[in-house]
Amino acid sequence: MFTQDIFSSRTVSKSATMVFDKKLYILTLFVIMFVGLSQGVPAGGHHNTNFYCPDFQPQKSLDLEQLMGMWYGIEIVQHRHDGHNEGKKVLDTCPVLHFTRMRNDQLRLFWHEDVGTLEYFFSIPDPYNPGFWISSGPQNGTLIRKSYRQFAGTVQVMKAVGSHVVVTFCSPNSELFSVILSRHKQLDLIEIRGVKNMLTRRGLAIVGTREACRNHAFALTASNLLLMLMGVLALKGVVW
């Protein structure tokens, strides 16, 4: 499943999951804002487990209202060698993500797929940089009942256009991956290739990919083709 595959490196014991120390977020904020950003420590594609979360140059001109609503998580791109998520894999699932603006400086992300749900909250520390978010509090959802390690770090909106969005999740010394979101269950390969080229230019190496919604998109396309064929035959007088 998509979520299990993405977050396999964050699996911990259930007892550890139940205890969440808010100091972790204070420490994370300090590391991100004062160490990662000031020193500009690169994070993409490193084999070394010691890395921070620098500024990956998120999109500056960003209308958050256009980002709200439902998206499909069609692909995740791993940027860090961890021995688990390298190479290419096609998954038989199609996660749905929904963004909601709680306040001017807070966002909610609800992630839903077959295996369960996750609810994230993010704060926007700088209104002049709306594409840079910091995790705010622990995640909620049915997946929390399973073995799960809380995400504490930043999310940067690398690209946001009408048809698709790219968000990069970074947790110091833990995770670094981007999620390609689309308003539909498919996205042109040219657009996906362009996204990966952009990520590479920003110093985010392409280590592995997890493709989703592929079977769903194919079924939709096949249905459309069948309807088109039936329409053409009907025009030619073929009786079904």
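Report on the accompanying structure. (Residues numbered from 1 in each chain as written. Predicted model: local features only at pLDDT ≥ 70, side-chain atom pairs only at ≥ 80, totals over all residues. Heavy atoms only, no water.)

1. Quick look at the state of the cysteines
Structurally, a disulfide amounts to a covalent bond that connects the sulfur atoms of two cysteines.
Here's step 1: In the structure shown here, the tally under the stated rule is two disulfides.
Here's step 2: There is a disulfide in this structure between Cys 53 and Cys 170, and the S-S distance comes to 2.1 Å. Across the S-S bond of Cys 53 and Cys 170 the torsion is about -90°, and the bridge reads as left-handed. In this pair, Cys 53 is assigned in the loop between α3 (23-39) and α4 (64-67) and Cys 170 in strand β8 (residues 164-171), connecting sequence segments 117 residues apart.
Here's step 3: Of the residues examined, Cys 170 reaches a relative accessible area of 0% and is grouped as buried.
Here's step 4: With its sulfur 2.0 Å from that of its partner, Cys 94 forms a disulfide with Cys 213. (Disulfide = S-S within 2.5 Å. Helix = DSSP H or I, 4+ residues; strand = E, 2+ residues; numbered from the N terminus. Buried < 20%, exposed > 50% of the residue type's maximum accessible area, 1.4 Å probe, protein only.)

2. Some words on the pairing of strand β9 (residues 175-182)
The side chains of a regular strand alternate between both faces of the sheet.
Here's step 1: Most of β9 is tucked away: eight of the eight residues are buried.
Here's step 2: Both faces of β9 are covered, namely the face carrying Glu 175, Phe 177, Val 179 and Leu 181 and the face carrying Leu 176, Ser 178, Ile 180 and Ser 182.
Here's step 3: Pairing of strand β1 (residues 69-78) with β9 involves six bridges; the strand directions are antiparallel. Looking at the pairing, Glu 75 lines up with Ile 180 of β9.
Here's step 4: Note that β8 and β9 share eight bridges and pair antiparallel. By the bridge assignment, Thr 168 is partnered in β9 with Ser 178.
Here's step 5: Hairpin geometry of β8 and β9 is characterised by an intervening segment of three residues between the two adjacent antiparallel strands and by a positive phi of about 60° at Asn 173. (Pairing = 2+ DSSP bridges.)

Such coordinate-based values are descriptive only and should not be taken to indicate function.
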